[in-house]
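# Structural overview for review
One letter stands for each residue in the lines below.
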Amino acid sequence: MTFQANTAEFKATSETNAGLARGTIVLTLRGEVAVEDLRVGDKVITRDVGAQPLRGLLQHTGESSIVEKHSFGTNRPAHDMRVSVGQPFLMREEGPIFGTARLMAQDMHCKLENTPLYCLVFDRSHVIYADGAELAVA
């Protein structure tokens, strides 16, 4: 499955600034797991090729924002979620394209500096399911 990265911002931020805040629920073969409880080797469900082993979980701090519940459709995300402002989301309104949280966040006054964030590392880029939304991870 091929996805179109439609903005330069997606390309610039997806590799360096993406991240999920503590408490974000990621879909894995062992069920729904909070991002901070993921472990190297966990099989994370991907949209593109099924379950893939997590190779690393990097922590960093960065600017984050809240993406509101239902921003991408019913239960996408399932509730308000805090992510890096550079976190790419899959949007399907006009075909498979990506938008970042900075572009999608309805309430940018909820931005926080220096938020602890988790970045999932795989052998290659994938689309994963987190809090009911589809997110790109590099």
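Structure shown above.
Note that the structure is a prediction, hence the values are computed from the model and not measured.

So, about the pairing of strand β5 (residues 50–53). Where strand β4 (residues 43–46) meets β5, four bridges bridge the pair, whose relative direction is antiparallel. Bridging from a neighbouring strand, Val-44 pairs with Gln-52 of β5. Connecting β4 to the antiparallel partner β5 that follows it, the hairpin turn spans three residues.

Turning our attention to the pattern of salt bridges. This model, assessed by the stated rule, comprises five salt bridges. Between Glu-36 and Arg-22 there is a salt bridge whose closest N-O contact spans 3.4 Å. With Glu-36 in the loop between β3 (31–34) and β4 and Arg-22 in the loop between β1 (20–21) and β2 (25–28), the pair connects residues that are 14 residues apart, well separated along the chain.

Moving on to the nonpolar core. Side chains that are nonpolar tend, in soluble globular proteins, to be buried together. Val-26, Met-81, Phe-89, Leu-120, Ile-128 and Leu-135 are the most contacted members of the largest nonpolar core, which has 21 residues in total. Elements represented by at least two residues in this core include exactly β7 (81–84), β8 (88–91), β10 (112–121), β11 (126–130) and β12 (133–137). Broken down by element, this core gets its largest block of residues, three residues, from β12.

A few words now on unusual backbone geometry. In the segment running from Arg-76 into Pro-77, the intervening peptide bond is cis, with an omega of -5°. Relative to the helices and strands, Pro-77 resides in the loop between β6 (56–67) and β7. Despite not being glycine, Asn-114 shows a phi value in the positive range, around 55°. Within the secondary structure, Asn-114 sits in strand β10. Its relative accessible area of 60% is what places Asn-114 among the exposed residues. If you check the backbone angles, Asp-131 has positive phi at about 50° while not being a glycine. Summarising the element assignment, Asp-131 is placed in the loop between β11 and β12.

Within the fold, Asp-42 resides in the loop between β3 and β4. Of the residues examined, Asp-42 reaches a relative accessible area of 11% and is grouped as buried. A distance of 2.9 Å separates a polar atom in the side chain of Asp-42 from a polar atom in the side chain of Arg-30. Among the polar contacts made by the side chain of Asp-42, one reaches the main-chain amide nitrogen of Arg-39 at a distance of 2.8 Å.

Summarising the sheet, β2 and β3 pair through four bridges and their orientation is antiparallel. Bridging across to β3, Ile-25 finds its partner in Ala-34. Here β2 folds back onto β3, and the loop between the two strands holds two residues.

Calculation rules
- Residues numbered from 1 in each chain as written.
- Predicted model: local features only at pLDDT ≥ 70, side-chain atom pairs only at ≥ 80, totals over all residues.
- Heavy atoms only, no water.
- Pairing = 2+ DSSP bridges.
- Helix = DSSP H or I, 4+ residues; strand = E, 2+ residues; numbered from the N terminus.
- Salt bridge = Lys/Arg side-chain N within 4 Å of Asp/Glu carboxyl O.
- Core = buried A, V, L, I, M, F, W, Y, C linked by side-chain atoms within 4.5 Å.
- Buried < 20%, exposed > 50% of the residue type's maximum accessible area, 1.4 Å probe, protein only.
- Polar contact = N/O pair within 3.5 Å; in protein donor to acceptor, adjacent residues only side chain to side chain.

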